[in-house]
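Overview (structure and organization)
Spelled out, the chains give:
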Amino acid sequence: MAIGLPEFASNREKRCPVILLVDTSASMSGEPIGELNRGLASFWEDVLRDAQASLSIEVAIVTFGGQVTTVQDFVGIQDFQPPTLTTSGNTPMGQALERAMDLVEARKCGYKDSEIRYFRPWIFLITDGAPTDSWQMAAQRLREEEAQNRFLFFAVGVEGANFSTLSQIAPPDRPPVHLKGLDFREMFVWLSSSMKRVSNSKSGEMLDLPPIDGWAQINPG
């Protein structure tokens, strides 16, 4: 049996990967980034309380504020340490989307090489603005690959987000949602609950995700 990457030698559980794609441009400074950081810490703590999820869920973080940065490549939640994100610059969202999709494909190759089963990866975008770079090609690639079931994409817009643009990026059957105020903690509680349901599910099982109405509303764009 192939083992491949060292982290798979002692833990052969089916993986549940999620990329947090976070807008850290200057407009997120102050209270928004502070609340987001607190929500991220609560996500980590909540997932660790679930024995199966703590073995299955892997997290990566890509930020885009002035430049695109892979703050954390994929790592098991047990080895994850929530970073303190800071803000600066503009909003290169198109480049960030490309980076996230590339990381997903690379991780899937690692799973296959190591004979590790995995659930469909999630890409979870959080933004309060509009792209300041060219984003159309990235959006086309995202929609095509999402339609091919390569990953699931979710978009959350904070106050100030350009929902018209987000609606052109997100899949038609999963439109962007509007965060209520700065309720990042409830958003991350929803995310951790959703990921725990996925990690505890059986292959091929249809899942109902928790309702979003406690922290978000659908924005028509």
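In what follows, the accompanying structure is described. (Residues numbered from 1 in each chain as written. Predicted model: local features only at pLDDT ≥ 70, side-chain atom pairs only at ≥ 80, totals over all residues. Heavy atoms only, no water.)

1. What about the overall build of the chain?
On a plain count of helices and strands, the chain comes out with 6 helices and 7 strands. Secondary structure of the chain in N-to-C order comes out as β-α-α-β-β-α-β-α-β-α-β-α-β. For the chain, the C-alpha radius of gyration of 16 Å lies close to 17 Å, the compact-globule estimate for 221 residues. Across its three principal directions, the C-alpha atoms of the chain cover 50 × 35 × 30 Å. Counting the 221 residues in the chain, one finds 53% classified as buried. For the chain, the share of sequence-separated contacts (at least 6 apart) that also reach a separation of at least 24 residues comes to 77%. Surface summary for the chain: the accessible area is close to 9800 Å², and the carbon and sulfur share equals 49%. Between the mean site of the 20 positive side-chain charges and the mean site of the 28 negative ones, the chain shows a separation of 6 Å. (Helix = DSSP H or I, 4+ residues; strand = E, 2+ residues; numbered from the N terminus. Rg over C-alpha atoms; globule rule 2.2 N^0.38 Å. Buried < 20%, exposed > 50% of the residue type's maximum accessible area, 1.4 Å probe, protein only. Contact = heavy atoms within 4.5 Å. Areas by Shrake-Rupley, 256 points an atom, 1.4 Å probe, with all protein chains shown as cover. Lys, Arg positive; Asp, Glu negative; His and termini not counted. Charge placed at Lys NZ, Arg CZ, Asp CG, Glu CD.)

2. Considerations on the packing of helix α1 (residues 31–48) against helix α6 (residues 184–199)
Closest axis-to-axis distance for the α1/α6 pair is 8 Å, and the angle between their directions is 30°. In terms of orientation, α1 and α6 fall into the roughly parallel class. Viewed along their axes, α1 and α6 form a crossing whose handedness is right-handed. Residue-level contacts link Pro32, Glu35, Leu36, Gly39, Leu40, Ser42, Phe43, Asp46 and Val47 of α1 to Phe184, Arg185, Phe188, Val189, Leu191, Ser192, Ser193 and Lys196 of α6. Per-class residue counts for the contact of α1 with α6 are 9 nonpolar, 4 polar and 4 charged. (Axes fitted to C-alpha atoms, helices over the stretch in contact; angles between N-to-C directions. Parallel < 35°, antiparallel > 145°, perpendicular 65-115°, else oblique. Left-handed = near helix turned anticlockwise from the far one by under 90°. Nonpolar A, V, L, I, M, F, W, Y, C, P; charged D, E, K, R; others polar.)

3. Overview of the packing of aromatic side chains
Using the criterion set out here, one finds 9 aromatic pairs in the structure. Consider the rings of Trp190 and Trp215, whose centres lie 5.6 Å apart with planes at 50°: the pair is tilted. In this pair, Trp190 sits in helix α6 while Trp215 sits in the loop between α6 and β7 (216–218), placing the two residues 25 residues apart along the sequence. Just as Trp190 is buried, Trp215 falls in that class too. Cluster of aromatic residues (ring-pair linked, three or more members): Trp122, Phe124, Phe154, Trp190 and Trp215. Its end group placed over the ring of Phe119, Lys14 keeps NZ or CZ at 4.2 Å from the ring centre. (Phe/Tyr/Trp six-rings, centres within 6.5 Å; stacked < 30°, edge-to-face > 60°. Lys NZ or Arg CZ within 6 Å of the ring centre and 35° of its normal.)

4. Let's talk about the nonpolar core
Proteins that are soluble and globular tend to have nonpolar side chains buried together. Counting 38 residues, the largest nonpolar core has Leu20, Phe124 and Phe188 as the members making the most contacts within it. Of all the secondary structure elements, the ones that give two or more residues to this core are β1 (16–23), α1, β2 (57–65), β4 (122–127), β5 (152–157), β6 (177–179) and α6. It is α6 that contributes the most residues to this core, 7 residues altogether. Other than its neighbours up to four places away in sequence, Phe188 contacts Leu20, Leu36, Gly39, Leu40, Ser42, Phe43 and Ile126. (Core = buried A, V, L, I, M, F, W, Y, C linked by side-chain atoms within 4.5 Å.)

5. Looking at the layout of surface pockets
Computed from the structure, the largest pocket encloses a volume of approximately 640 Å³. In terms of residues, the lining of the largest pocket owes the most to one element, β5, which gives 4 residues. When the residues that make up the lining of the largest pocket are grouped by side-chain class, the tally is 18 nonpolar, 3 polar and 6 charged. The space that makes up the second largest pocket amounts to roughly 180 Å³. The wall of the second largest pocket is formed by 16 residues, among which Glu7, Asn11, Arg15, Gly76 and Asp79 lie closest to the centre. Those elements giving two or more residues to the lining of the second largest pocket turn out to be α2 (51–56), β2 and β3 (67–76). Broken down by class, the residue content of the lining of the second largest pocket amounts to 5 nonpolar, 6 polar and 5 charged. (1 Å grid on protein atoms, 1.4 Å probe; cavity = no way out; pocket = protein on both sides within 12 Å on 5 of 7 lines; lining within 4 Å. Points joined across faces, edges and corners; volume = space filled by probe spheres on them.)

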